[in-house]
Amino acid sequence: MWGANCTTSQLPGECQAGAVQFHVSDLNKEIPVTTSNLNQIPLQDEVLILGGGVAGCAASIALARKGRSVTLIEREPTPRHKVCGEFLSGEALEDLHALGIDVASLGAAPIHYVRLAAARRAAEAPLPFPAASLTRRALDTALIAEAIATGVRVERGRSVQALARTASNVWQATLDDGTTREAPTVFLATGKHDLRGYARPSDPQRWVAFKMYFRLAPAQAAGLSRASELMLYPGGYGGIQPVEGGIANLCCVVQQRYFERAGHRWENFLAKMQQDCPHLAMRLAGAQPLLAKPIAITHIPYGYIRRTSENGLYCIGDQAAVIPSFTGDGISIALHTARCAVAAYLAAEPAPLFQAKLRSALLFQMRLAEFAADGLNNALARAVLPFCLRVWPGVMRVTAKLTRVAQHAAVAPMQAPAEI
Ligand SMILES: Cc1cc2nc3c(=O)[nH]c(=O)nc-3n(C[C@H](O)[C@H](O)[C@H](O)COP(=O)(O)OP(=O)(O)OC[C@H]3O[C@@H](n4cnc5c(N)ncnc54)[C@H](O)[C@@H]3O)c2cc1C
């Protein structure tokens, strides 16, 4: 499916938790595998968490803090780059703070403005909430370290191949080495990767997403300082913003048929984006790419919200809902759904009921975000939006506020959480 120069390969490297500086060489460092207490794994835990990204780590930390025995299974031996704009909204920052993650000490770049660029125009507005940006590797490293410190048994470098109920009605996860882990309750947090038997629907638009780091020319880095820029072009949109260490993250999505027109090649697609959006060309003038190839993913079922689940199976993060990327709200939703699912579990609320309540709580903002995303993909909107936003910058603040899902979608369990 991919052109010869565009692979989904993930790149080795590390930006260690606690490190403020981010150097090009950091992109190529490995971190040691830290697998906690593997020899002490009991045959059965109270909760099994499948996937150690944002949602899985957040849920595991919250459960361990309540004294639950939790095993988390993560397929990557060390946190890697993930395709993500790496924007952290106000709600995400609050949730991370509550989990003990101080993004400022990890070097996160503060974001104060959103700037929209399309055709030859650009308009900006201050964000109505505090925001920041941090590489996913730094964030995921800090989260998994916090999970281990909280007492979660973390098994890394193990991929879950199958999930099923046993005759004795417990969940059984089969790992890639053929061994199994059992628990009465499972939190499914495998993000964009579906487990066999629990797949989300197909993505009819066939979205393709890329992430690439750049070191910008000094004047362009100064121009991008404290801003998250959203760029519109036919077939998709992209965002560029500073992350820690003085580098910039360019993350973009495009429908497959537009990528086909670029011959399935990243270089051609990057050139086309800059041609369609001169603002991006200006930003990237003299920029140095920091990865040999972009990181890429396909199959992003934007707008998906899980309808229900089975008893003892709580679905969180991208396994619960997938919001259009331009909102920069996916991490916040992952943290929020993890927090709500933990509260539901502690209150003994059945997973199918939790999942249905979560769906109705998320539905309105999700549909609004989808509607806005459709608008961004419209040629007329691309032509007039920056002009309208210059005349009425307040609309950008309103849109940013309205599409914050977590803020509007609190899901309280039926009864107060039981402190067991
Ligand atoms: C193009 C794009 C840009 C985005 N930009 C932003 C942004 O700027 N801000 C924002 O807030 N959100 C953004 N998002 C959304 C955000 O990245 C996701 O919503 C968020 O990462 C979801 O968290 P998660 O925990 O569900 O999944 P993840 O963080 O992806 O974690 C899932 C984990 O499960 C592991 N896993 C997968 N399969 C298995 C298996 N079989 N066995 C064991 N482990 C497994 C993976 O290795 C991974 O670590 C963006 C998304 C896209 C596609």
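This text goes with the structure placed above it.
Calculation criteria
Residues numbered from 1 in each chain as written. Predicted model: local features only at pLDDT ≥ 70, side-chain atom pairs only at ≥ 80, totals over all residues. Heavy atoms only, no water. Pairing = 2+ DSSP bridges. Helix = DSSP H or I, 4+ residues; strand = E, 2+ residues; numbered from the N terminus. Axes fitted to C-alpha atoms, helices over the stretch in contact; angles between N-to-C directions. Salt bridge = Lys/Arg side-chain N within 4 Å of Asp/Glu carboxyl O. Buried < 20%, exposed > 50% of the residue type's maximum accessible area, 1.4 Å probe, protein only. Near = heavy atom within 4 Å. Polar contact = N/O pair within 3.5 Å; in protein donor to acceptor, adjacent residues only side chain to side chain. Areas by Shrake-Rupley, 256 points an atom, 1.4 Å probe, with all protein chains shown as cover.

Visitor: Would you mind showing me how to read the sheet that holds strand β8 (residues 171-175) here?
Guide: Pairing is antiparallel across the open sheet formed by three strands, whose spatial order is β7-β8-β9. Two strands close off the open sheet at either side, each with one partner strand: β7 (160-165) and β9 (180-183). Here the average twist between neighbouring strands, direction ignored, is 20°.

Visitor: Where do I start with the pattern of salt bridges in this structure?
Guide: Note that side chains of opposite charge can pair when their charged atoms are close. Applying the stated rule across the entire model yields 18 salt bridges. Where Asp176 meets Arg158, a salt bridge forms, and the shortest distance between an N and an O atom there is 3.3 Å. Within this pair, whereas Asp176 is found in the loop between β8 and β9, its partner Arg158 is found in the loop between β6 (153-156) and β7, the two being separated by 18 residues in sequence. Here Asp276 ties to Lys272 by a salt bridge, and the two come within 2.9 Å at their closest N and O atoms.

Visitor: Would you explain helix α2 (residues 90-98) in this entry?
Guide: An α-helix turns once every 3.6 residues. As a result, residues three or four positions apart point the same way. Gly90, Glu91, Ala92, Leu93, Asp95 and Leu96 are the residues of α2 that are buried. Just past α2, the residue Gly100 takes up positive phi, approximately 90°.

Visitor: Please clarify how the site of the ligand should be interpreted in this entry.
Guide: Around the ligand sit 37 residues, and of these Glu74, Gly85, Arg136, Asp318 and Ile331 come closest. Between Val54 and the ligand, the recorded distance is 3.2 Å, taken from a backbone N or O atom to an oxygen atom. Lys82 places a polar side-chain atom, nitrogen or oxygen, 3.0 Å from an oxygen atom of the ligand. Taking 1,000 Å² as the accessible area of the ligand by itself, protein coverage stands at 95%. For the shell around the ligand, the elements supplying multiple residues, two or more each, are α1 (54-65), β2 (70-74), β14 (247-255) and α8 (330-346).

Function cannot be read off these values alone, since they describe shape.
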